[in-house]
Amino acid sequence: MISARPERAGLAQTLYGAYFALIFGVLIFGLLSALVLVLPGLERRRRVAGGLIRLAMWLCAAPIRCRGALPPGDGPVIVVANHASYLDGLLMTAALPPTISYVVKDDAAEWPLIGRVLTRLGVIFIARDAIQMSARQTRALLKRLRAGDSLGIFPEGTFQRPNGLLPFKLGAFMLATRTGTPVVPVVIRGSRTFYGEDARLPRRTRIEIDILAAHAATDTPPEQLCQAVRQAMLARLPEDAVAETLSEPAA
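Description of the structure in this document. (Residues numbered from 1 in each chain as written. Predicted model: local features only at pLDDT ≥ 70, side-chain atom pairs only at ≥ 80, totals over all residues. Heavy atoms only, no water.)

## Observations regarding the packing of helix α5 (residues 135-146) against helix α6 (residues 171-179)
- Relative orientation of the contacting elements α5 and α6 amounts to 50°, with a least axis distance of 10 Å. Of the possible angle classes, the one that applies to α5 and α6 is oblique. Pair α5 / α6 crosses with right-handed handedness. Contacts between α5 and α6 involve Thr138, Leu141, Leu142, Leu145 and Arg146 on the former and, on the latter, Leu175, Arg178 and Thr179.
- When the residues that make up the contact of α5 with α6 are grouped by side-chain class, the tally is 4 nonpolar, 2 polar and 2 charged. (Axes fitted to C-alpha atoms, helices over the stretch in contact; angles between N-to-C directions. Helix = DSSP H or I, 4+ residues; strand = E, 2+ residues; numbered from the N terminus. Parallel < 35°, antiparallel > 145°, perpendicular 65-115°, else oblique. Left-handed = near helix turned anticlockwise from the far one by under 90°. Contact = heavy atoms within 4.5 Å. Nonpolar A, V, L, I, M, F, W, Y, C, P; charged D, E, K, R; others polar.)

## A word on the sheet that holds strand β3 (residues 100-105)
- Pairing is mixed in the open sheet, where 7 strands are placed in the order β1-β7-β6-β2-β5-β3-β4. With partners counted over all chains shown, the strands left at the sheet margins are β1 (64-67) and β4 (124-126), one partner each. This sheet shows a mean twist of 25° between the axes of neighbouring strands, independent of strand direction.
- Of the pairings in the sheet, the one linking β1 to strand β7 (residues 207-211) comprises 4 bridges and is parallel in character. (Pairing = 2+ DSSP bridges.)

## Structural notes on helix α2 (residues 42-59)
- Taking 1.5 Å of rise per residue, 18 residues should cover 26 Å, and α2 covers 26 Å from first to last C-alpha, within 8% of that figure.
- For α2, every residue scored as buried is listed here: Arg45, Arg46, Ala49, Gly50, Leu52, Ile53, Ala56 and Met57.
- Two residues or fewer past α2, Ala61 is found with a positive phi of approximately 60°. (Expected span 1.5 Å × (residues − 1). Buried < 20%, exposed > 50% of the residue type's maximum accessible area, 1.4 Å probe, protein only.)

Here it is, written out as structure tokens:
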């Protein structure tokens, strides 16, 4: 006799995927986009976006569990996070304060509607495909840090289907050492399983975000700072770690 369990699991995932698409279509692509495009005030737009993303994940039975906090004080920080899925930017927006401006590849600015929404959320677009950021882009980011703005960067630059951290690019750490800005590592767990590379449908999974202790950047070479931050992240997210997926309810 052929077991019906795999067929049941496939049907459950398909139904969950359809439900996820409905929730995100209404709350994220619909309501969030509309509000971000009309609301005044950057911080207000970011707070609204974060709240709607948290609501959407909660309705999808995958609430965001966040531990830790950014360092106290008014000074800027550079937040660096592992990149594991299509949702990581949304998850960071939902979990972290609205004072952070995220750095993303400039091709996202050309996406219909999404590019406009990202611009209204204060996203900074840079050419991440180049070996190094251009001098103009570097000067612009340095200026923002010196003006007190905090940045959010995914130092891997991209993500892949298998578990594990890709090599870090040095851009974020060069900015930190040149301005003396602390670097705050953030570890995202579960998002690769939820909706990672090549995923056609999301899988209901625990989403956990850990904000780790800040690393001082004063008098530290960028390479050394990069290595220290990466090791701190690996301690919470080993390269061979397997994301834990919630079991499906018994039929």
